[in-house]
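Observations on the three-dimensional arrangement
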Amino acid sequence: MNMEDYRKRLDILIEQSVITKTAYDVAFSAFDELTKILGKSDITQAEMLFTHLPMALTRTNSGEEVEKPNDAIMEEVRASEHFDTAQAQVDFVERKWGKDSLMANDNIYICITQR
């Protein structure tokens with residue numbers, strides 16, 4: 001998926017009132033940042049992650065409870081060779097989001113770290 005593909009995907013979600021404008025902006029910035037970190041304009045297998053991210057941000061913002069993944073899944077995420085890159089991405093999203101820590105919501109955290 002490239003930036004234009006992602007913009008189209010986000011446009012559909014916002015037009016259907018599935019996500020907020022803030023979630024749109026944060027998710028788009030996160031995708032842009034990841035393309036820079038990886039040095040790629042097209043990120044394969046990013047569709048699920050970057051579609052889920054703005055939806056999860058929107059749900060969290062509205063106070064919706066989101067079920068946490070089990071501990072075994074979180075252990076696997078933390079053991080990933082991509083964990084440091086993912087952690088940097090989580091930090092970036094948290095700074096852009098400017099709200100409660102996403103680390104407290106493991107569901108969003110796992111969404112960001114699995115790539």
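Residues numbered from 1 in each chain as written. Predicted model: local features only at pLDDT ≥ 70, side-chain atom pairs only at ≥ 80, totals over all residues. Heavy atoms only, no water.

The phi dihedral of S17 falls on the positive side, at around 60°, and the residue is not glycine. Here S17 is to be found in the loop between α1 (3-15) and α2 (21-38). Even without glycine at this site, Q45 takes up a positive phi of about 60°. Its location among the elements puts Q45 in the loop between α2 and α3 (47-61). The exposure class of Q45 is exposed, given its relative accessible area of 70%. (Helix = DSSP H or I, 4+ residues; strand = E, 2+ residues; numbered from the N terminus. Buried < 20%, exposed > 50% of the residue type's maximum accessible area, 1.4 Å probe, protein only.)

Where a protein is soluble and globular, its nonpolar side chains tend to be buried together. One finds Y6, L10, F31, F50, L53 and L57 to be the most contacted residues of the largest nonpolar core, which totals 22 residues. When contributions to this core are tallied by element, the ones reaching two or more residues are α1, α2, α3 and α5 (83-97). Ranked by the residues each element gives to this core, the list is headed by α2, at eight residues. When near neighbours in sequence (up to four residues on either side) are disregarded, F50 contacts M1, Y6, A27, A30, F31, L34 and Q89. (Core = buried A, V, L, I, M, F, W, Y, C linked by side-chain atoms within 4.5 Å. Contact = heavy atoms within 4.5 Å.)

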